[in-house]
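Examining the three-dimensional arrangement
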Amino acid sequence: LVPQLAVTVVTWPLAIWFNDFRAIVVIMVAKALITVITTHFVALGAYRWHWGRNEFKSLWLFGWPLLLNGFIVFASQQADQAVVGALLSLPDLAVYALAGSLISIPWYIFAQVAGSLTLTLLSRVQDDIEEFNQKYRCTLECAAVAAVALLLPWFLPGAQCVIPLFGQTYHWTCLICAV
């Protein structure tokens, strides 16, 4: 939570100061550094490297589904843009990508913070299946409400912000966001 809050506080001043893409780069690097520093302060034990055949096997058995999942998530997030880019023009792809970004960015920000908080909450009750199910259900309900709260503004007046922010070139984005 500390890295997210720190980065959120400095985002606006950095955006004004740099007035270009460098603000995003600085924010991403700062978030990574703050995360590392915070982790070192709250760590309960020292991190040590150790190599062994049994450990590697254990890591592989645990990690291969996560690796496969990473490839699937990457493909699912990029495949639509590859198809649109292959079948339509580059300007059409730009409109499509902007519409997707406008809708997904608030959700990604929320998901990162909520995921950290939710995992902490659920890990505390992982041994009590009844309480875990209750907290899990509450978590899903909160996520559904948050999704509606984050995305509803884009369905109503949010699409009308596209032309003033990005110019007349992206007027089709308003229709895509509304759909």
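About the thresholds
Residues numbered from 1 in each chain as written. Predicted model: local features only at pLDDT ≥ 70, side-chain atom pairs only at ≥ 80, totals over all residues. Heavy atoms only, no water. Helix = DSSP H or I, 4+ residues; strand = E, 2+ residues; numbered from the N terminus. Buried < 20%, exposed > 50% of the residue type's maximum accessible area, 1.4 Å probe, protein only. Areas by Shrake-Rupley, 256 points an atom, 1.4 Å probe, with all protein chains shown as cover. Salt bridge = Lys/Arg side-chain N within 4 Å of Asp/Glu carboxyl O. Core = buried A, V, L, I, M, F, W, Y, C linked by side-chain atoms within 4.5 Å. Contact = heavy atoms within 4.5 Å.

**Some points on the overall build of the protein chain**
- Helix and strand counts for the protein chain come out as seven helices and zero strands.
- When the helices and strands of the protein chain are placed in sequence order, the string is α-α-α-α-α-α-α.
- The buried share of the protein chain, taken over its 179 residues, is 16%.
- Surface summary for the protein chain: the accessible area is close to 14,100 Å², and the carbon and sulfur share equals 72%.

**Some words on the pattern of salt bridges**
- Enumeration according to the criterion identifies two salt bridges in this entry.
- Asp20 is the partner of Arg22 in a salt bridge, and the nearest nitrogen-oxygen pair spans 3.1 Å.

**A look at the nonpolar core**
- Of all hydrophobic cores here, the largest spans five residues; its members are Val7, Leu14, Phe18, Ala23 and Ile27.
- At the level of elements, α1 (2–18) and α2 (22–42) are the ones that each hand at least two residues to this core.
- The greatest single-element share of this core, amounting to three residues, is contributed by α1.
- With residues up to four places along the chain from it excluded, the contact list for Ile27 reads Val7, Thr11 and Leu14.

**Considerations on the environment of Asp80**
- Locating Asp80 in the fold gives a position in helix α3 (residues 53–87).
- A relative accessible area of 29% places Asp80 in the partly exposed class.
- Distance in space between the C-alpha atoms of Asp80 and Leu93 is 9.9 Å, their sequence separation being 13 residues.

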